[in-house]
Amino acid sequence: MKQNLHTHTVYCDGNDTPEEMVQTAIAKKFDILGFSGHGHVDYDDYAMSLEDTEKYIREVNALKEKYRDQIQIHLGTEVDVLYRIPDKTPYDYMIGSVHCIEKDNTVFPVDYSKEVFEKYLQEWYNNDFIQLAEDYCAYYHTLKTWEEIDIIGHIDLITKYNEDESYIRFEDPSYVKIMTDAVDDLGNDRIFEVNTGAIARGTRRTPYPWFNLLCYMKEKGARIMLNSDCHSRDYLDCCYRESLEMIRKAGFTSMAVLTDNGFADMDIDQFTE
Ligand SMILES: [Zn+2]
Ligand SMILES: [Zn+2]
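These notes cover the structure that comes with them. (Residues numbered from 1 in each chain as written. Chains lettered and ligands numbered in written order. Predicted model: local features only at pLDDT ≥ 70, side-chain atom pairs only at ≥ 80, totals over all residues. Heavy atoms only, no water.)

Let's talk about the pairing of strand β10 (residues 254-259)
Part 1: As paired elements, β10 and strand β11 (residues 262-267) share six bridges and run antiparallel to each other. Across the sheet, L258 pairs through a bridge with F263, a residue of β11.
Part 2: Counting the residues that bridge the hairpin from β10 to β11 gives two residues. (Pairing = 2+ DSSP bridges. Helix = DSSP H or I, 4+ residues; strand = E, 2+ residues; numbered from the N terminus.)

Printed below as a string of structure tokens:
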């Protein structure tokens, strides 16, 4: 089994067309490919316009049919907590993610660049990363009430620029508490992703979440899946080998897959890199 349910295309901020992604997935021997175009937001243009959303839905559905014998394709969307999508009807699944913190009608995108991250960390938080983490995770607690969300996206995206722990030690007790509270709140009924997106972008060497939080997820009986948050087809299975190793090491014996009948759990030994 080889799966990725976190895929972006030219319809939002990705580099490739949906069909290019499908062909790459087939070449890389994926069994399941899910598209997760950024759901429309009204504060930025990285996401799909309302008009493009319609086209995206039609195109992915057409590809599902066209490649039915070669790969299982799912139509999803990555919903940002600042803009709830009212109708799940067209979609097979939804990823719920937090990309920004909003205050006084100003939006701070936490993953845009190191410079932007540092600017807001300084101006809004006086360099107190813990305060920032609290504000960020409060949004994940909000997602708890959004029943349409199946997968929790990159729960610690705020550490995109923290590989060297220059902003926070991953094991700082205050930080661990904030993150484990979020896992406690969401872990019973949602699927967390192990997300390799920042590795492809060169800012991290390890996936989200960091290893000890992944171990905590395991301890709490949470479900997980592996996704590449792919914006460029060459990275469709970025670091799958290393991530699978990390997932096994954390003690997981299964991961979630999306079938035509919804999410199911599959033995970890079935997964390939
Ligand atoms: Zn995202
Ligand atoms: Zn994404």
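Quick look at the sheet that holds strand β8 (residues 191-195)
Part 1: Strand order across the open sheet formed by seven strands is β1-β2-β3-β4-β7-β8-β9, with parallel pairing between neighbours. Either end of the sheet is taken by a strand with one partner, and the two such strands are β1 (3-4) and β9 (223-227).
Part 2: The strands touched by helix α1 (residues 18-27) within the sheet are β2 (32-38) and β3 (72-80), with β2 carrying the most contacts at an inclination of about 150°.
Part 3: Here helix α8 (residues 240-249) sits on the sheet and contacts β1, β8 and β9; the angle it forms with β9, its principal contact strand, is near 165°. (Contact = heavy atoms within 4.5 Å. Axes fitted to C-alpha atoms, helices over the stretch in contact; angles between N-to-C directions.)

Topic: the coordination of the zinc ion (ligand 1)
Part 1: Coordination sphere of the zinc ion (ligand 1), protein contribution only: E78 (OE), H99 (NE2) and H154 (NE2), at 2.1 to 2.2 Å.
Part 2: Summarised as a motif, the one-chain spacing of the donors to the zinc ion (ligand 1) is E-x20-H-x54-H.
Part 3: Taking relative accessible area as the criterion, H99 reaches 4% and is therefore assigned buried. (Donors = N, O, S within 2.8 Å, 3.2 Å for Na, K, Ca; no water. Buried < 20%, exposed > 50% of the residue type's maximum accessible area, 1.4 Å probe, protein only.)

Observations concerning the pattern of salt bridges
A side chain of one charge can pair with a side chain of the opposite charge when the charged atoms of the two come close.
Part 1: For the structure on display, the rule yields 20 salt bridges.
Part 2: R233 serves as the salt-bridge partner of D16, at 3.1 Å between the closest nitrogen and oxygen. With D16 in the loop between β1 and α1 and R233 in the loop between β9 and α8, this residue pair connects regions lying 217 residues apart in the sequence.
Part 3: The buried category is assigned to D16, whose relative accessible area is 6%.
Part 4: Given a relative accessible area of 32%, R233 falls into the partly exposed group.
Part 5: When the shortest N-O distance is used, the salt bridge between E163 and R205 registers 3.9 Å. In this pair, E163 sits in the loop between β7 (151-152) and α5 (173-186) while R205 sits in the loop between α6 (197-200) and α7 (211-219), placing the two residues 42 residues apart along the sequence.
Part 6: A relative accessible area of 18% places E163 in the buried class.
Part 7: Look at the salt bridges and you will find they share partners, linking K2, K28 and D237 into a network. (Salt bridge = Lys/Arg side-chain N within 4 Å of Asp/Glu carboxyl O.)

Take it as geometry only, folks, not as evidence of what the structure does.
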